[in-house]
Amino acid sequence: FLAKFASVSAAEFESVWDYADDEFFGGLGLSAITRRQLSNGGEVVYVGTGIDPELLVPLATATLDRQGLSNQCTVDDGVIDPQSLERIVRNDMEGNAWVIQINHSGELVKSSTGVEIPPFGVVVEPVME
């Protein structure tokens, strides 16, 4: 099985976090996490390490802020969604934005916006401007 990958230069990536060890990846000058800005204004963050997920929250928050989506994850009082809740925003063919919330747990969860989502349930709502 062979795969062909698009050639991407190192100049297109920004190192977010470098490995800190001297004898392994850090000694080679490798990055643990990199960011690539896309031509359409989006970005991709590559995580090439095992890391405590809580340490990634500031990075994820900054990425969402740059894309104008930070208000979809928290409400004004700083309440954060439960870890079992997945939230994504999608546009339909008419350009209307929809928030899709998926509860990946076997228990009822309440989102930061106050929506109760049943175990393994899905809620779809229009984005409120």
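Residues numbered from 1 in each chain as written. Predicted model: local features only at pLDDT ≥ 70, side-chain atom pairs only at ≥ 80, totals over all residues. Heavy atoms only, no water.

Peer 1: Where do I start with the sheet that holds strand β3 (residues 43-47) in this structure?
Peer 2: The strands that make up a sheet are held in pairs by hydrogen bonds between backbone atoms, and each pair lies either parallel or antiparallel. The strand order across the open sheet built from three strands is β1-β2-β3, with neighbouring strands paired in antiparallel fashion. Taken across any chain shown, the strands that pair with only one partner, and hence form the sheet edges, are β1 (13-18) and β3. If you compare each strand with its neighbour and ignore which way they point, the axes differ by 20 degrees on average. Bridge analysis of β1 against strand β2 (residues 31-37) gives five bridges, and the strand direction is antiparallel. Looking across to β2, one finds that aspartate 18 is bridged to serine 31. (Pairing = 2+ DSSP bridges. Helix = DSSP H or I, 4+ residues; strand = E, 2+ residues; numbered from the N terminus. Axes fitted to C-alpha atoms, helices over the stretch in contact; angles between N-to-C directions.)

Peer 1: Hey, could you run me through the environment of glutamine 83 in this one?
Peer 2: Take glutamine 83: it is sitting in the loop between α1 (57-66) and β4 (85-91). Given a relative accessible area of 72%, glutamine 83 falls into the exposed group. When the C-alpha atoms of glutamine 83 and histidine 104 are compared, they prove to be 8.9 Å apart, with 21 residues separating the residues in sequence. (Buried < 20%, exposed > 50% of the residue type's maximum accessible area, 1.4 Å probe, protein only.)

Peer 1: Even after reading the chapter, I still don't get the sheet that holds strand β8 (residues 122-126), so can you show me in this structure?
Peer 2: Taken together, the three strands give an open sheet; going across it, the order is β4-β5-β8, and neighbouring strands pair in antiparallel fashion. A strand with exactly one partner marks an edge of an open sheet, and here the two such strands are β4 and β8. The mean inter-strand angle of the sheet, taken between neighbouring strand axes irrespective of direction, is 20 degrees. For β4 and strand β5 (residues 97-103), the ladder comprises seven bridges, and the chain directions are antiparallel. Bridge pairing in β5 links valine 89 to valine 99.

Peer 1: Help me out: how do you make sense of the nonpolar core in this one?
Peer 2: The nonpolar side chains of a soluble globular protein tend to be buried, and buried together. Of all hydrophobic cores here, the largest spans five residues; its members are Leu85, Val109, Val115, Ile117 and Val123. Ignoring sequence-local partners within four residues, the contact set of valine 109 consists of Pro82, Ser84, Leu85, Asn103, Val115, Glu116 and Ile117. (Core = buried A, V, L, I, M, F, W, Y, C linked by side-chain atoms within 4.5 Å. Contact = heavy atoms within 4.5 Å.)

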